[in-house]
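Close look at the chain arrangement
One letter stands for each residue in the lines below.
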Amino acid sequence: MLFRSFGAVAYVVLATLGADSAAGLTAAALINAYLLARAVNLTAAAVLSPGSALLRVLPLGDETAAYIHLWVRRFSNIGIYGYFAAQAIVYAGLPVSVRDFILRVLGLLVGMMMLALVLQSRPQVARWISGSGAQGADGARSVTAATGRRLRRRLAGLWHVVAILYVLVAMIVWLIRPTDGGRFVLNATALTALTWLGAAVAAFVVRAIVEAIFRATDNLREQFPTLKPRANQYLRLLTLACAVVVYGIAFLLMLQIWGARSLDWFATRSEEHTSE
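Here the structure is a predicted model, which is why all the values come from computation and not from measurement.

Here we take up the overall build of the protein chain. Along its length, the protein chain carries 10 helices and 0 strands. Listed N to C, the secondary structure of the protein chain is α-α-α-α-α-α-α-α-α-α in terms of helices and strands. When contacts within the protein chain are restricted to residue pairs at least 6 apart in sequence, those whose partners lie at least 24 apart make up 64%. Carbon and sulfur atoms provide 68% of the accessible area of the protein chain, an area that totals close to 18500 Å².

Structure follows, in structure tokens:
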């Protein structure tokens, strides 16, 4: 009720000041900041419900829900109010360079907050990634399941390194492009996720094809009992080589997405051979 009342009164004041005046534009920026930050905080409170487990949408403990809600409030308040305040400075008549400087400082502040969050959450997230490691009732372990568990344990020990590198890259991009750096980081992140997801699917398909092509028949296994271990030895090397190629291409695409122009070298080499 208070939220809606503030919005109604604020827009009445905005209409009185004039939407096209400097005071009106400044007031509009601050009003939008309050409404957006309030909406984000209310949504987070409704989803996380730190005060009542019965109303909580996500399967989280009370402490975890309160912790996430606290950080959502910190990020939303600092990020939203800081961004709109920087825009209001331009409406008030100050140079655009002042706004860009404030946005760069804001990006550094938010980035340091994200680094602090990653370091604080390191053990909890590592436990969640590694999982319980429970086995089936018969205690059997398939090769695929064992490989998956090893990968999860490695990722649990390295996730914070990847997250820190990501935050540092995002901070550098923000310093270089303070006005559209956030949009660039979001687009690059989405494309990177799609790239690695496609690489994982491609590696799985290639592995299945290779195993189907080089699988020994039942007659050959009966006739040559030692053939399967020898074939599997080279099959593992071949599947590993295919995986390296697939993920290497994904890595080059990721660098290209983030502006490193990793594919330009191949284009340059191709033009040189064509000219020759």
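Let's shift gears to helix α2 (residues 22–48). Residue pairs three or four apart in sequence face the same way in an α-helix, which turns once every 3.6 residues. For α2, built from 27 residues, the straight-helix expectation of 39 Å at 1.5 Å per residue is met to within 8% by its first-to-last C-alpha distance of 39 Å. By the burial criterion, the buried members of α2 are G24, T26, A27, A28, A29, I31, A33, L35, A37, N41, A44 and L48. Downstream of α2 by a residue or two, S49 has a phi angle that is positive, lying close to 45 degrees.

Looking now at the confidence of the model for the protein chain. Considering every residue of the protein chain, the mean pLDDT works out to 80; 75% of them sit at 70 or more. Taking the mean pLDDT of every element in the protein chain, the minimum, 58, falls on helix α8 (residues 218–223) and the maximum, 91, on helix α4 (residues 96–120). Long-range and interchain partners of residues 133–141, a stretch whose pLDDT sits below 50, account for 3 contacts in this model, where long-range means more than four residues apart.

Okay, the pattern of salt bridges next. Taken as a whole and judged by the stated rule, the model has 3 salt bridges. Close ionic contact of R56 with D62 constitutes a salt bridge, the shortest N to O distance being 2.9 Å. Using a relative accessible area of 47% as the deciding quantity, one classes D62 as partly exposed. The shortest N-O distance in the salt bridge between R99 and D100 comes to 3.1 Å.

As a packed pair, helix α3 (residues 62–91) and α4 sit with axes 8 Å apart at the nearest point and diverge in direction by 170 degrees. Between α3 and α4, the angle is such that the two are roughly antiparallel. In terms of residue class, the contact of α3 with α4 is made up of 19 nonpolar, 4 polar and 2 charged.

On to the nonpolar core. Counting residues in hydrophobic clusters, the biggest one holds 7 residues: A170, V173, F184, V185, A188, M254 and W258. Those elements that place two or more of their residues in this core are α6 (143–176) and α7 (181–214). With 3 residues, α7 is the single largest residue contributor to this core.

Looking at the secondary structure, you find Y247 in helix α9 (residues 227–257). What makes Y247 partly exposed here is its relative accessible area of 33%. Spatially, the C-alpha atom of Y247 lies 7.9 Å from that of A203, the residues being 44 residues apart in sequence.

Attention now goes to the packing of aromatic side chains. Tallying each qualifying case throughout the model produces 6 aromatic pairs. Their ring planes at 90 degrees and their centres at 6.0 Å tell us that Y166 and W258 sit as a pair that is edge-to-face. Taken together, the residues span a long stretch of sequence, with Y166 in helix α6 and W258 in the loop between α9 and α10 (264–275) at a distance of 92 residues. When its relative accessible area of 31% is taken as the criterion, Y166 is described as partly exposed. Summarising the aromatic geometry, the rings of F184 and W258 are spaced 6.2 Å apart at their centres and angled 85 degrees between planes, so their arrangement reads as edge-to-face. Within this pair, whereas F184 is found in helix α7, its partner W258 is found in the loop between α9 and α10, the two being separated by 74 residues in sequence.

We now examine α4. An ideal rise of 1.5 Å per residue puts 36 Å on 25 residues; α4 measures up with 36 Å between its terminal C-alpha atoms. If you check which residues of α4 are buried, you get R99, D100, L103, L106, G107, G111, M113, L115 and V118.

With respect to the helices and strands, H69 occurs in helix α3. In contact with H69, other than residues within four places in its own chain, are N41, A44, A45, L48 and P50.

Nonpolar side chains collect at one region of the surface, where L191, L194, L197, V201, F204, V205, I209 and I213 lie side by side and expose about 810 Å² of accessible area between them. Summarising the element assignment, I213 is placed in helix α7. Residue classification places I213 among the exposed positions, given a relative accessible area of 59%.

With respect to the secondary-structure elements, T239 resides in helix α9. Residue T239 is classed as buried on the basis of its relative accessible area, which comes to 17%. In this structure T239 touches R207 and V210, once residues within four positions along its chain are discounted.

About the thresholds
- Residue numbers run consecutively from 1 along every chain, following the written order of its sequence.
- Confidence filtering applies because this is a predicted model: local features only for residues at pLDDT of at least 70, side-chain atom pairs given and counted only at 80 or more, and all residues used for totals across whole chains, interfaces and linings.
- Calculated side-chain values reflect all of the structure's heavy atoms, with hydrogen atoms and water omitted.
- Only DSSP runs of H or I reaching four residues or more are called helices, and only runs of E reaching two or more are called strands; each is numbered from the N terminus.
- Contacts are assigned to residue pairs that have any heavy atoms within 4.5 Å of one another.
- For the area figures, the Shrake-Rupley method with a 1.4 Å probe applies, and any residue is considered shielded solely by the protein chains shown.
- Multiply 1.5 Å by the residue count of a helix minus one, and that product is the helix's expected span.
- Accessibility here uses a 1.4 Å probe with only protein chains present; expressed as a share of the type maximum, an area under 20% marks a residue as buried, one over 50% as exposed, and anything in between as partly exposed.
- For every residue, the predictor assigns a confidence score, pLDDT, that lies between 0 and 100.
- When a carboxyl oxygen of Asp or Glu is within 4 Å of a side-chain nitrogen of Lys or Arg, the pair counts as a salt bridge.
- Here an axis means a line fitted to C-alpha atoms, over the contact stretch when the element is a helix, while the angle between two N-to-C directions is reported on a 0 to 180 degree scale.
- By definition in this entry, angles of less than 35 degrees are roughly parallel, angles greater than 145 are roughly antiparallel, angles of 65 to 115 are roughly perpendicular, and the rest are oblique.
- Just so you know the grouping, Ala, Val, Leu, Ile, Met, Phe, Trp, Tyr, Cys and Pro go in nonpolar, Asp, Glu, Lys and Arg go in charged, and all remaining residues, Gly too, go in polar.
- Throughout this description, the term nonpolar core refers to a set of buried Ala, Val, Leu, Ile, Met, Phe, Trp, Tyr and Cys residues connected via side-chain atoms within 4.5 Å.
- A pair of Phe, Tyr and Trp rings is counted when the ring centres sit within 6.5 Å of each other, with Trp represented by its six-membered ring. The angle between the planes then sorts it: under 30 degrees is stacked, over 60 is edge-to-face, the rest tilted.
- Like charges are joined within 9 Å and nonpolar side chains (Val, Leu, Ile, Met, Phe, Trp, Tyr) within 5 Å, but only among residues with over 30% relative accessible area and no salt bridge; these make up the patches.

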